[in-house]
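Listed below, chain by chain, are the residues.
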Amino acid sequence: MSGVDLPLDEPDLLFAEAGTLVRRTVHASGIRILSEEVAGAKSATVGFWVPVGSRDETTVARGSTHFLEHLLFKGTPRRSALDIAVAFDSVGGEHNAATAKEYTCYYAKVRDVHLGMAVEVIADMVAASLLDPDEFELERGVILEELAMAEDDPGDVASERFFEAVLGDHPLGRPIGGTPDTIAGASRDAVAEHYRSEYLPSQLVVSAAGGVDHDELVRGVLHGLRASGWALEDVAPPASRRAEVRPLERGTALTLVERPTEQTHLLLGVPGLVAADERRPALSVLNSILGGGMSSRLFQEVREKRGLAYSVYSYAASFSDAGVVALSAASAAANVGTVAELMLAEFARLADEDVTALELQRAVGQLAGSSALALEDSDVRMSRLGRAEIGTGEYLSLDEQVRRFEAVTIGDVRALAGDLLGRPLSITAVGAADEARLQALLPDLAGQPAGR
C-alpha cells in the first residue's frame, strides 16, 4: 500500500496493514482518535498528544511547556498526584510524558485489560489539571534540578548549543526545558493561561496501539474528557496542521564551551530537511552510510581504523519548517581537531564521489530491518500514529517505508550530500579544543573569535 492521507475533514478511516487494523475517528469536537489493533497483543500503549512544544512559547517564559508537562501529574479535582501514580503502579503499568520542540505527549503502557483505566486517568490529567500554586513552586525546584543535571552532562550541553548554533533565532533553536533564569521567572498564572488556551478538543490527538478495541477506545476517551469537564458537543473542526515557515539564519559558526572534562564533545553539521521533504528517505540512507551504525564510514574511519573515539555517529532531525544534520563524536582534547577534519572529510566525500552499490544495499537493509524490529513494540506503533496525525498528515505502512528506501539511488545520495554541504556549517565543542584548527574548517571565520 502507498501512504495513507489523513485529511482533517474525514470523520472515519479504516485500513489494514500486515496483520493489524488501523482506524481513525475525528469527533465533532475536533478530537482525533487513532488506533492500531495488533492481533494477540496482551498490552497496549496510549498517548494523548497536544501539538504544542517549546517553539510555541510566544506569550510565556521559555520552558513553560515543559513546566506544564510536569504539573499535569500533580493532581486534578478527582485525583491527587499519589492517586495518579498508584493507578499505574498497582497494575504494573508505565506512565510518563515527553515535551518536544513541536508537541507534548502524555502516555502509558499497560496490560490490555487496563487500557480503559489508563485512558481515564490521562484524560483527567489533560482536561482538569489543578496547577496548584504550592505544587507549582515545588515543581519549579524539581525542574531547576533537572536543568542542573543536564548542565552537568557535556553531551546534553553540546546538543543544546549545537541546535542554537545551526538554527539561530528560529524557535526550534531554543532549549526545550528553558534556562534556570526563565524557569525561575515563570509565573503560575501565565502557565495556567498557556494550558487553557492550548489544551483544547480541536488540538487533541489520541493514539493507541496493541491490544486495543477502537470503539471502546473512542468511548473511553470521550467519557473520560467529559467526566473531567470538557464540553465536547460543540462542533469545532480540528486545528490545522502546523504550516508556518520561519526564516532560518545560522546562529554561530563556531561555539566553544570550556569544561573540565576528560573528553571533548564535538558536533558539526548543517541545516537539514523539513519533515515534508520528499528527500527524507534519501536522507535516511545517507545518514546510515555516513554514521548510522558500526559499518558506517564515520565509525570505521574514526574508531576502527584510528582509535580516536569510542562514540562517533551521525543523525538527522526534521521538523515542520527546519531540520538539522549532525555528526557527533567524543574524544580526547588533543584529538578533537583531527576527528573534526576526518568527519567533515567523510561528509564531503559523499558529495564528491558515488557511494558503492554495496553501501546502498547495506543501508537500505539496515533501515528496513530496524523499522520492522521497532514495530514489535506497541510504544513505537502508538507514536507512529500520533506523529503522522499531528505532523505530515500521512501514515506510512512498513511496506511503504521500505519501498521508499529501496527507491533511493546512488545519484540521490550524492545530490543530497551536495545540497547539504552547500549549507552553512556550524561546529560546537564542549571541553578543551584547538580553536584555530576548528576555525580553519570554517574559512569564512578566518581571524574571528568563536562564540562561547
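Cut-off values and rules
Residues numbered from 1 in each chain as written. Predicted model: local features only at pLDDT ≥ 70, side-chain atom pairs only at ≥ 80, totals over all residues. Heavy atoms only, no water. Helix = DSSP H or I, 4+ residues; strand = E, 2+ residues; numbered from the N terminus. Polar contact = N/O pair within 3.5 Å; in protein donor to acceptor, adjacent residues only side chain to side chain. Axes fitted to C-alpha atoms, helices over the stretch in contact; angles between N-to-C directions. Parallel < 35°, antiparallel > 145°, perpendicular 65-115°, else oblique. Left-handed = near helix turned anticlockwise from the far one by under 90°. Contact = heavy atoms within 4.5 Å. Nonpolar A, V, L, I, M, F, W, Y, C, P; charged D, E, K, R; others polar. Pairing = 2+ DSSP bridges. Salt bridge = Lys/Arg side-chain N within 4 Å of Asp/Glu carboxyl O. Buried < 20%, exposed > 50% of the residue type's maximum accessible area, 1.4 Å probe, protein only.

A. Spatial organisation of the side chain of Glu 400. By secondary structure assignment, the location of Glu 400 is in helix H14 (residues 398–406). Polar contacts involving the side chain of Glu 400 include one to the side chain of Arg 403, which spans 2.8 Å. A distance of 2.6 Å separates the side chain of Glu 400 from the side chain of Arg 404, its partner in a polar contact.

B. Broad picture of the packing of helix H11 (residues 336–352) against helix H15 (residues 410–421). Interaxial distance between H11 and H15 falls to 7 Å at its minimum, and their mutual angle equals 130°. Compared by their axis directions, H11 and H15 come out oblique. Crossing geometry of H11 relative to H15 is assigned as left-handed. Residues Phe 347, Ala 348, Leu 350, Ala 351 and Asp 352 of H11 form the contact with H15, whose participating residues are Arg 414, Ala 417, Gly 418, Leu 420 and Leu 421. Partitioned by chemical class, the residues of the contact of H11 with H15 number seven nonpolar, one polar and two charged.

C. Region of the structure containing the sheet that holds strand E9 (residues 254–257). An order of E9-E14-E10-E12-E11 is seen for the five strands of this open sheet, with the pairing classed as mixed. Single-partner strands in this sheet number two, and they are E9 and strand E11 (311–318). Looking at each pair of strands side by side, their axes are set apart by 15° on average, direction ignored. Bridge count between strand E10 (residues 264–271) and strand E12 (residues 323–331): eight bridges; the pairing is antiparallel. Pairing of His 265 across the sheet is with Ala 330, part of E12. Contacts between helix H5 (residues 154–167) and the sheet are confined to E9, E10, E11, E12 and strand E14 (426–430), with E10 contributing the most and set at about 25° to the helix. Strands E11 and E12 of the sheet are contacted by helix H10 (residues 297–304), whose axis makes an angle of about 155° with E11.

D. Focus on the pattern of salt bridges. Per the counting criterion, the structure on display carries 37 salt bridges. Note that Arg 242 and Glu 102 form a salt bridge whose closest N and O atoms lie 3.6 Å from each other. You can see Arg 242 sitting in the loop between helix H8 (214–227) and E9 and its partner Glu 102 sitting in the loop between strand E6 (94–99) and strand E7 (104–111), a full 140 residues away along the chain. Judged by its relative accessible area of 22%, Arg 242 is partly exposed. Between Asp 419 and Arg 423 there is a salt bridge whose closest N-O contact spans 3.1 Å. Put simply, Arg 55, Asp 56, Glu 102, Arg 242 and Asp 321 are held in one network by salt bridges that share partners.

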